[in-house]
Amino acid sequence: MPTSEVLVYTRTAGYRHDSIPAGAEAFVELCRAAGLRAEATDDPGAFTRERLDRCAAVVLLSTTGSVLTDPGRAALESYVRLGGGLLAVHAAANAEPDWPFYGTLLGTRFAGHPPLQSGLVHVEDTAHPATAHLTEQWAWTDEWYDFTSHPRDADVHVLLRADESTYEGGTHGSDHPLSWCHEKAGGRFFFTALGHTSESYAAPAFRAHLSGALSWATGGR
């Protein structure tokens with residue numbers, strides 16, 4: 001069965017980011033450049049086994065709160081366990097708070113963030129498709145997400161971490177992961193905490209980060 005589609009899911013049941021339309025447009029453009037067809041939707045009815053079987057990847061774009069039905073959760077879990085790719089962006093760290101499988105994929109949960117401000121990002125993996133284009137230190141402006149537990153405790157592969165000495169309000173100290181990935185559940189899971197502002201999705205470095213993440217997430221399909 002062909003898997004040339006990408007489902008970009010934008011539903012929110014909590015805070016809704018103004019950047020979601022810009023992010024959805026960016027993913028449509030990035031998918032087109034990769035020879036994929038993206039559909040952006042906030043319809044939970046899109047999460048069926050038949051629909052997901054056509055997908056090279058699923059993107060959760062700043063989804064917040066409980067945004068899937070029980071059948072949708074079952075379809076997405078089956079999709080991932082059978083080798084599907086799931087890419088979670090920014091506020092998707094605050095999605096599906098009462099679904100244990102998603103918590104296992106994410107490896108932690110959103111705890112909060114200081115005000116939007118500039119800071120430095122350190123690149124841990126200079127070979128991964130999502131980070132190979134970056135220098136070892138990357139100046140960026142975002143909401144620097146804090147998490148309820150340390151992502152490394154969930155045995156994920158960390159790609160980016162925040163330098164808390166360059167901004168105010170971080171809670172993880174010298175080791176503050178921002179982006180990570182793994183293949184522990186049968187499929188591929190990628191998370192980036194970056195992407196708060198609409199301007200992010202027009203920035204070449206961030207678009208290349210998402211493009212590389214998409215390439216990696218679709219690699220198993």
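All values reported here derive from a predicted model rather than from experimental measurement.

Calculation notes
- Residues numbered from 1 in each chain as written.
- Predicted model: local features only at pLDDT ≥ 70, side-chain atom pairs only at ≥ 80, totals over all residues.
- Heavy atoms only, no water.
- Buried < 20%, exposed > 50% of the residue type's maximum accessible area, 1.4 Å probe, protein only.
- Helix = DSSP H or I, 4+ residues; strand = E, 2+ residues; numbered from the N terminus.
- Pairing = 2+ DSSP bridges.
- Right-handed = clockwise from strand over helix to strand, strands pointing away.
- Expected span 1.5 Å × (residues − 1).
- Arc of directions from axis to C-beta.
- Contact = heavy atoms within 4.5 Å.
- Core = buried A, V, L, I, M, F, W, Y, C linked by side-chain atoms within 4.5 Å.

## Focus on the pairing of strand E10 (residues 176-182)
Within E10, 7 of the 7 residues are buried, which leaves the element mostly enclosed by the surrounding structure. Pairing geometry for strand E9 (residues 157-163) and E10, over 5 bridges, is antiparallel. Bridged to Ala162 within E10 is His176. Two elements, E10 and strand E11 (residues 188-192), share 4 bridges in a ladder whose sense is antiparallel. Across the sheet, Ser179 pairs through a bridge with Thr192, a residue of E11. Two successive antiparallel strands, E10 and E11, enclose a turn made up of 5 residues, where Gly186 displays a positive phi of approximately 105°.

## Here we look at the pairing of strand E3 (residues 55-61)
Counting buried residues along E3, 7 of its 7 residues qualify, which places the element largely inside the surrounding structure. When strand E1 (residues 5-9) meets E3, the two strands line up parallel, connected through 5 bridges. Following the sheet pairing, Val6 is matched in E3 by Ala57. Where E3 meets strand E4 (residues 85-89), 4 bridges bridge the pair, whose relative direction is parallel. From the neighbouring strand, Leu60 faces E4, where its bridge partner is Ala88. After leaving E3, the chain enters helix H3 (residues 70-81) and then returns to the sheet as E4, a path that is right-handed.

## Digging into helix H1 (residues 20-33)
With 14 residues, H1 should cover 20 Å at 1.5 Å per step; its first-to-last C-alpha distance of 20 Å lies within 8% of that length. Inspection of H1 places Ile20, Gly23, Ala24, Ala26, Phe27, Leu30 and Cys31 among the buried residues, and these make up the whole buried set. With its buried residues spanning 160° around the axis, H1 presents them on a single face. Away from its buried face by more than 90 degrees, H1 exposes Pro21, Arg32 and Ala33. Contacts from the buried residues of H1 go to E1, strand E2 (37-41), E3, E4 and helix H5 (204-217). Trailing H1 by a residue or two, Gly35 shows a phi angle of about 80°, which is positive.

## Overview of the nonpolar core
Counting 74 residues, the largest nonpolar core has Val58, Leu76 and Tyr102 as the members making the most contacts within it. Of the residues forming this core, the biggest block, 7 residues, is contributed by E3. When neighbours within four sequence positions are excluded, Val58 is seen to be in contact with Leu7, Phe47, Leu52, Leu76, Tyr79, Gly85, Leu86 and Leu87.

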